[in-house]
Amino acid sequence: MGADVTHLKAILTVKLKMDDRKPLTMGRQQPNKKKKIKYASTVAFILSFFVGFMYIFPLVVFEDPYLKLFGLYTMLTVLLTFGLVTDFSNVLVDTRDKLIIFPKPVSDRTIFLSRVLHIFIYFFRSVFPMSLMAWIVWGILYGWKGALWFPIPLFFLTLISLFFVMGCYSLLLKITKPEKFKDVIGYFQIFFSILVFTTYYMVMPQMRNQEVFQQFDIKTIAWIKYTPTYWLASCWYWVQPKAAALTGTGWLSILAVLTPFIMLWVTVKFFAPSFIRKLSAIDGVEVEAPKKRVKQEGKSKLYISLANMFNRSNASKAGFSIAWLQTSRSRAFKMRVYPGFAYVFVYFFYLFLNTNVAFADLFEKMSQTRSHLFLLYMTSFILLNAVSNMNMTEQYKAAWIYYTSPLESPGRIMGGAFKAMWIKYYLPFVIVVTGFVLYVWGIGALIDVVLATANVTTYVLILMYLGNRHLPFSMPEQMKTKAGKAVLKMLFAIIFMGCMGLAHYAIYFMWLKVLLTFISIALLWTIWDGYINTSWKQLKIAEDAY
Amino acid sequence: MEPIISISNLTKQYGDKTVLNNINLDVYPGQIIGYIGPNGAGKSTTVKVLTGVIQDYTGEIIVAGKNLRDSLMDVKRMIGYIPELAELYDLLTPREYLNFTGTLYGMEASLIEERMVKMLDSFGLSENIDQRMDSFSKGMRQKVLLASGLLHNPSIVILDEPLSGLDANAVILVKELLQRLKQEGKTIFYCSHMMDVVEKVSDTIVLIDKGTIIANGSFAELRAGSGESLEQIFSKLTMADNLLEKAGSLASAMTDNTNTQQL
């Protein structure tokens, strides 16, 4: 394919060595100066193995072996594609090579192929442990022949997913400007994660009905013959031809073998040169010509007006502004936080669509329950997600400015940033949710809205006060081993929030609700005072514990 | 005349490693101090102590009659710092970034706006004032950092490699700016590797190596009639081995290997 094997080997060796030495980030560029994790691959293997338990599901519920495999491969393909889009975009569009490899006499095809292979090796490393449980189950069901056969289609599956995503990226590169490419990828990733989440919750209610699966006849969905995952499943024809219910299954298995190679040839032949060329243009230092006219002095923007309205000290105004602006523009922040907004709504509607009530009667039915509390407490996820992500950035070194400025205490900055997140992300949700709650449950639910909002704000602030006292955009992004801890912390935080919601659910007396609202606000006031008076010493303790 | 910065017995250790070893230095108002030294000599650590980033040091630092340890905020207000490597929040526009930094120094919005527009105009960035800095070149970022360090009109300006990434015209502009700031009575603490610039702009040159000051005086005093350039003085004082010999062995490393063909 026109690639230089020596170059390819050299590039891959270095890339894989670097992967093993950097924090467990699945190819994401995350700086961490303190610790080096050498055996990231082993840890990834163990993690993937446990994730693998869910892939047994289609193998157990379906009767037809081809359908079992079709289910398994579809699940794997969706998740692999998702993983590729979220975790490997950085490897695929890594522009650091521009200074290191591009100036050397290495051909475009070699660079392109080195990236493909790099991702493939990394990916196969995680596909293998992920499907290990399914492999064992398959071996138990179909004996040693089945066990021997199992990894072959997986190999093709990985390649097909890989080339599918690369094809999409190449197409994106063709239709977008190189400098906008990373933004487009960012939005693509957000959209894709919402899509996967929504699909999952739309399919979940169906999954509870096991009988449907067991009586499922593959002949009623003969169209699956046209899907690549069925082609992969049809490789089972090599072992058990008689079990094939659909005609032409044997021929389709040949397609499973050929497709990845055809895709490889097409991408390397047609996409590689333009891909590398376009890639060189990403992150270019070419400054765009200014499009807009320079703004007139004194013409205030919304964030400035809000910063002045809600903050008295200069430090908190600065904290408010930086948090507001950075969160609007940081791709990493949007990637982590924005999908969560959609999750809240999707999850809420999933719960109601699952009740088998006609849409016309839905609001009527809702108003008879007290589920508005669920919705009110669920919005805490928005605030929690926004404030806990506003401290991390790849540009954490730019935070030197806080330390050289004459700030008596960093707490004011942190307070301003917290307010910005509350107003920018939480308040609009609360307004929308309040409108919805008052429409369905009536004015009587207003006290619930007030109590829940006070509780959520207090609770999130307590969490920040105890475990996340940092200046906005001043901390390096966490490596995955630590990120796991963060996810766990988040999970516990949400569970505790759920308990709080349940306690609220149990309260029927109006006077008690009013009393609790006052207590909650008083608590909020006290914690807030502590938070905005955080000293440099306390900040240092929090940074050391990070 | 009273020194504006007086450093006595400054020592800083990281574990067992002594990064600054008993530094004693007086800087007078209106002086340009060229602070030079090889990599890892302790230049940046000195700057970090002076700017209040590092606070666990031993020794005493008096700035304009105030003890750095006791009046940290007052001292920070007097200092304008321009770091090397152009580290800034580049998702912001110069206007937003300078508004942010000016606010941290407690400046009024109108004053920030007025000074920022003038400064960016002088740096030739007035058209880029509302453009995000992520598409800026290193030199453009450095100019924004220079503006941010001078925005609050500090009496002491600390510059860490301020010319890195700047084009020839911008270098001339900054050199001229240093002279103007000096005329206004500002004190400039200038860290750099660019010996020719240090030689030309500095009133006093301080040479630091392995955490210790090994030379301190005007350029004329340092060369003491020898006719050497600052570069030669620097290498003589800081390099034990012969540099020419090293350059020779580097060049021969490419030709000694018989298997390597010339491309």
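Note that this is a predicted model, so its numbers are computed, not measured. (Residues numbered from 1 in each chain as written. Chains lettered and ligands numbered in written order. Predicted model: local features only at pLDDT ≥ 70, side-chain atom pairs only at ≥ 80, totals over all residues. Heavy atoms only, no water.)

Caption draft 1: Region of the structure containing the sheet that holds strand 2 (residues 17-27) of chain B. Residues and elements named next belong to chain B. An order of 2-1-4-5 is seen for the 4 strands of this open sheet, with the pairing classed as antiparallel. The two strands at the open ends of the sheet, each matched to only one other strand, are strand 2 and strand 5 (66-67). Examined bridge by bridge, strand 4 (residues 58-63) and strand 5 share 2 bridges and lie antiparallel to one another. Looking at strand 5, one finds that Ile62 is bridged to Asn67. With respect to the sheet, helix 1 (residues 43-50) is in contact with strand 1 (5-14), strand 2 and strand 4, its orientation differing from that of strand 1 by roughly 115°. (Pairing = 2+ DSSP bridges. Helix = DSSP H or I, 4+ residues; strand = E, 2+ residues; numbered from the N terminus. Contact = heavy atoms within 4.5 Å. Axes fitted to C-alpha atoms, helices over the stretch in contact; angles between N-to-C directions.)

Caption draft 2: Fine view of the pattern of salt bridges. Residue and element names in this part refer to chain B. Applying the stated criterion across every chain yields a total of 12 salt bridges over all chains. For Asp130, the salt bridge identified is with Arg95, shortest N-O distance 2.8 Å. Of this pair, Asp130 sits in the loop between helix 4 (109-122) and helix 5 (138-150) while Arg95 sits in helix 3 (residues 94-104), placing them 35 residues apart in sequence. Each of the two residues, Asp130 as well as Arg95, counts as buried. Each of the salt bridges in this network shares a partner with another, and the network as a whole consists of Lys66, Asp74 and Arg77. (Salt bridge = Lys/Arg side-chain N within 4 Å of Asp/Glu carboxyl O. Buried < 20%, exposed > 50% of the residue type's maximum accessible area, 1.4 Å probe, protein only.)

Caption draft 3: Up close: the sheet that holds strand 10 (residues 212-217) of chain B. Residue and element names in this part refer to chain B. Across the sheet, which stays open at both edges, the 6 strands sit in the order 6-7-8-3-9-10 with mixed pairing between neighbours. The strands lining the two open edges of the sheet, one partner per strand, are strand 6 (79-82) and strand 10. Averaged over all adjacent pairs, the angle separating strand axes in this sheet is 15°, with direction ignored. As defined by bridge partners, strand 6 adjoins strand 7 (residues 156-160) across 4 bridges and the pair is classed as parallel. Pairing of Tyr81 across the sheet is with Ile158, part of strand 7. Strand contacts of helix 6 (residues 168-183): strand 3 (32-36), strand 7 and strand 8 (187-191), with the helix running at about 150° to strand 8, the strand carrying the most contacts.

Caption draft 4: Representation of the interface of chain B and chain A in the model. Every contact between the two is made by 38 residues of chain B and, on the other side, 37 residues of chain A. Summing both sides of the interface, chain B and chain A together bury roughly 3,400 Å²; the carbon and sulfur share of this comes to 61%. One salt bridge in this structure joins A:Arg329 and B:Glu96, with 2.6 Å as the shortest N-O distance. Counting every contact that joins chain B to chain A gives 8 residue pairs in polar contact (both at pLDDT 80 or more). Elements supplying a minimum of two residues to the side of chain B that touches chain A: helix 2 (72-78), helix 3 and helix 5 of chain B. The element that contributes the greatest number of residues to the side of chain B that touches chain A is helix 3 of chain B, accounting for 7 residues. Of the residues contributing to the side of chain B that touches chain A, the split by class is 17 nonpolar, 11 polar and 10 charged. (Buried area = accessible area lost by both parts, 1.4 Å probe. Polar contact = N/O pair within 3.5 Å; in protein donor to acceptor, adjacent residues only side chain to side chain. Nonpolar A, V, L, I, M, F, W, Y, C, P; charged D, E, K, R; others polar.)

Caption draft 5: The packing of helix 14 (residues 302-310) of chain A against helix 15 (residues 314-329) of chain A, seen in detail. Residue and element names in this part refer to chain A. Taken N-terminus to C-terminus, the directions of helix 14 and helix 15 make an angle of 145°; their axes are 9 Å apart at the nearest point. Taken as a pair, helix 14 and helix 15 cross one another with a handedness that is right-handed. Residue-level inspection shows Leu302, Tyr303, Leu306, Ala307 and Asn308 of helix 14 in contact with helix 15, the latter providing Lys317, Phe320, Ser321, Trp324 and Leu325. Of the residues in the contact of helix 14 with helix 15, the class split is 7 nonpolar, 2 polar and 1 charged. (Left-handed = near helix turned anticlockwise from the far one by under 90°.)

Caption draft 6: Structural detail: the pairing of strand 4 of chain B. All names here are of chain B. The sheet contact formed by strand 1 and strand 4 spans 5 bridges and is antiparallel. When the sheet's bridge partners are listed, Ser6 is paired in strand 4 with Ile62. In this antiparallel pair of consecutive strands, strand 4 and strand 5, the connection spans 2 residues, and Ala64 shows a positive phi of 50°.

Caption draft 7: Examining helix 1 of chain B more closely. Residue and element names in this part refer to chain B. Across the 8 residues of helix 1, 6 count as buried, placing the element largely inside the fold. Among all positions of helix 1, only Lys43, Thr45, Thr46, Val47, Val49 and Leu50 are buried. Positive phi shows up at Gly52, right after helix 1, with a value of about 85°.

Caption draft 8: Expanded view of the confidence of the model for chain B. Of the residues in chain B, 95% have a pLDDT of 70 or more, and the chain-wide mean is 86. Predicted complex, confidence summary: ipTM 0.81, pTM 0.73. (pLDDT = per-residue confidence, 0-100.)

Caption draft 9: Structural context of empty space enclosed by the protein. Residues and elements named next belong to chain A. Inspection of every chain in the model, using the stated rule, returns 5 cavities of 30 Å³ or more. Computed from the structure, the largest cavity encloses a volume of approximately 50 Å³. Put simply, the parts of the chain that give the lining of the largest cavity at least two residues each are helix 10 (178-207) and helix 16 (331-353). Classifying every residue of the lining of the largest cavity by side-chain character gives 3 nonpolar, 1 polar and 4 charged. (1 Å grid on protein atoms, 1.4 Å probe; cavity = no way out; pocket = protein on both sides within 12 Å on 5 of 7 lines; lining within 4 Å. Points joined across faces, edges and corners; volume = space filled by probe spheres on them.)

Caption draft 10: Spotlight on the nonpolar core. Counting 149 residues, the largest nonpolar core has A:Tyr402, A:Met421, B:Ile61, B:Tyr89, B:Tyr97 and B:Phe189 as the members making the most contacts within it. Take this core: its biggest share by element is 16 residues, from helix 21 (residues 411-441) of chain A. Counting residues in hydrophobic clusters, the runner-up holds 61 residues, among them A:Ile119, A:Ala134, A:Trp138 and A:Ile185. (Core = buried A, V, L, I, M, F, W, Y, C linked by side-chain atoms within 4.5 Å.)

Caption draft 11: Geometry of the side chain of B:Gln131. Residues and elements named next belong to chain B. Relative to the elements of secondary structure, Gln131 occurs in the loop between helix 4 and helix 5. The class of Gln131 is buried, set by a relative accessible area of 12%. A polar contact of 2.7 Å, which involves the side chain of Gln131, links it to the side chain of Asn128.

Caption draft 12: View of unusual backbone geometry. In the Ramachandran plot, A:Phe473 falls in the positive-phi region, its phi being about 50° despite a non-glycine side chain. Mapped onto the elements of the fold, A:Phe473 is located in the loop between helix 22 (446-467) and helix 23 (480-505). Unusually for a residue other than glycine, B:Asn9 sits at a positive phi of about 50°.

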